[in-house]
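Letter by letter, the chains look like this.
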Amino acid sequence: MKKVSMKEIYETAESLIIAFVVITVLILFVFRAVSVDGDSMLPNLHDKDRIITTNLFYNAQKGDVVVVDKNTKYGKPLIKRVIATAGDKIVVDYSTGDVYVNNEKLIENYIAEKIYIQDRENVDTVVPEGYVFVMGDNRNYSLDSRDEAIGFINEKNILGKALLQIYPISDIGVVK
């Protein structure tokens with residue numbers, strides 16, 4: 001049996017400490033696990049799904065699924081899709097169920113179904129600087145930027161972009 005030297009023990013301990021520090025920094029400042037609450041992101045994300053987000057060098061982009069912190073008018077964390085960014089003109093036409101950004105109709109293969117709520121006034125606005133307009137993929141059952149309770153989302157309140165779904169195990173993969 002080989003005798004282990006103090007130098008080998010020290011090097012192993014040092015490696016473990018460095019690995020622990022690196023993992024802790026990554027978890028605290030780069031990646032975050034978040035639980036989905038509700039059905040507003042169906043069919044892509046379900047209630048109680050777990051996702052990994054990152055905010056490392058992140059700037060909100062149209063089409064990204066983002067996690068918004070609780071420091072909004074709503075007062076609770078949100079998981080929504082960015083539809084429009086600063087300076088974009090957004091129109092939600094409730095008579096047709098279509099969404100337009102800068103006068104271009106969005107092709108939205110990710111939504112559960114077109115909007116069929118007919119008793120609301122159309123949304124027609126421009127996203128202010130430093131803000132984004134977000135919507136859930138389950139448009140008919142989503143509280144999002146269309147509602148005054150949410151409104152535009154300050155980019156500073158975005159915790160990060162959803163990268164991976166990690167639970168349930170059968171659905172592990174990239175968030176689209």
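Asks: Would you mind going over the packing of aromatic side chains in detail, with residue names and values included?
Replies: Summed over the entire model, instances satisfying the criterion amount to one aromatic pair. Ring centres of Phe133 and Phe152 lie 6.2 Å apart, and the angle between their planes is 65°; this geometry places the pair in the edge-to-face category. One end of the pair, Phe133, is in strand 9 (residues 131–135); the other, Phe152, is in the loop between strand 9 and strand 10 (153–154), with 19 residues separating them in the sequence. Positioned above the aromatic ring of Tyr110, the side-chain terminus of Arg81 is 3.9 Å from the ring centre.

Asks: Lay out the side chain of Asp88 in plain terms, naming residues and giving numbers.
Replies: Tracing the backbone shows Asp88 in the loop between strand 4 (78–85) and strand 5 (89–93). With relative accessibility at 7%, the residue Asp88 sits in the buried group. At 2.9 Å, the side chain of Asp88 and the backbone nitrogen of Thr85 are in polar contact. Apart from the residues lying within four places of it in its own chain, the contact partners of Asp88 are Lys62, Val101, Asn102, Thr125, Val126 and Val127.

Asks: Explain the environment of Val4 to me, using residue names and the numbers behind them.
Replies: With respect to the helices, strands and loops of the structure, Val4 is situated in the segment before helix 1 (6–30). What makes Val4 exposed here is its relative accessible area of 52%. Taking the C-alpha atoms as reference, Val4 lies 63 Å from Arg139; in sequence the two are 135 residues apart.

Asks: Just give me the short version of the sheet that holds strand 6 (residues 98–101), but keep the residues and values in it.
Replies: Think of a sheet as strands paired side by side through backbone hydrogen bonds, with each pair either parallel or antiparallel. Read from one edge to the other, the open sheet built from four strands follows the order 7-6-5-8, with strand pairing classed as antiparallel. The sheet terminates laterally at strand 7 (104–105) and strand 8 (123–126), the two strands that pair on one side only. Note that strand 6 and strand 7 share two bridges and pair antiparallel. Across the sheet, the residue bridging to Tyr100 is Lys105, located in strand 7.

Asks: I'd like to hear about the pairing of strand 2 (residues 50–54), residue by residue, with values.
Replies: Within strand 2, four of the five residues are buried, leaving the element largely enclosed by the surrounding structure. Bridging between strand 1 (residues 31–35) and strand 2 involves five bridges; their strand directions are antiparallel. Bridging across to strand 2, Phe31 finds its partner in Thr54. The sheet contact formed by strand 2 and strand 11 (residues 158–167) spans five bridges and is antiparallel. Directly across from Ile52, in strand 11, lies its bridge partner Leu164.

Asks: Help me get a handle on unusual backbone geometry, residues and values and all.
Replies: Note the cis peptide between Leu42 and Pro43, where omega equals 10°. On the secondary structure map, Pro43 appears in the loop between strand 1 and strand 2. For the bond running from Tyr167 to Pro168, omega is 0°, close enough to zero to count as cis. With respect to the element layout, Pro168 can be found in the loop between strand 11 and strand 12 (173–174). Phi at Lys48 is positive, roughly 80°, even though this residue is not glycine. The residue Lys48 is located in the loop between strand 1 and strand 2 in this model. Phi at Phe57 takes a positive value of approximately 55°, unusual for a residue other than glycine. Its location among the elements puts Phe57 in the loop between strand 2 and strand 3 (65–68). Look at Phe57 and you get exposed, because its relative accessible area is 77%.

Calculation rules
Sequence order as written defines the numbering, with residues in each chain counted from 1. Note on the predicted model: pLDDT of at least 70 is required for a residue's local features to be given, and 80 or more for side-chain atom pairs to be given and counted; whole-chain, interface and lining totals, by contrast, use all residues. The basis for the side-chain values is all heavy atoms of the structure; hydrogens and waters are excluded. Here the aromatic set is Phe, Tyr and Trp, taking the six-membered ring for Trp, and pairing holds for ring centres within 6.5 Å; pairs whose planes are under 30 degrees apart are stacked, those over 60 apart are edge-to-face, and all others are tilted. Each helix is a run of H or I in the DSSP string that is no shorter than four residues. Each strand is a run of E no shorter than two, and both are numbered from the N terminus. Note on geometry: a ring has a charge over it if NZ (lysine) or CZ (arginine) is within 6 Å of the ring centre and within 35 degrees of the ring normal. Only protein chains enter the area calculation, which uses a 1.4 Å probe; residues under 20% of their type maximum are buried, those over 50% are exposed, and those in between are partly exposed. Side-chain atoms alone can form a polar contact between residues adjacent in sequence; in general such a contact is a pair of N or O atoms within 3.5 Å, and within protein one must be able to donate a hydrogen while the other accepts it. Throughout, a residue-residue contact means that at least one pair of heavy atoms, one from each residue, lies within 4.5 Å. Only when DSSP finds a minimum of two bridges between them are two strands counted as paired.

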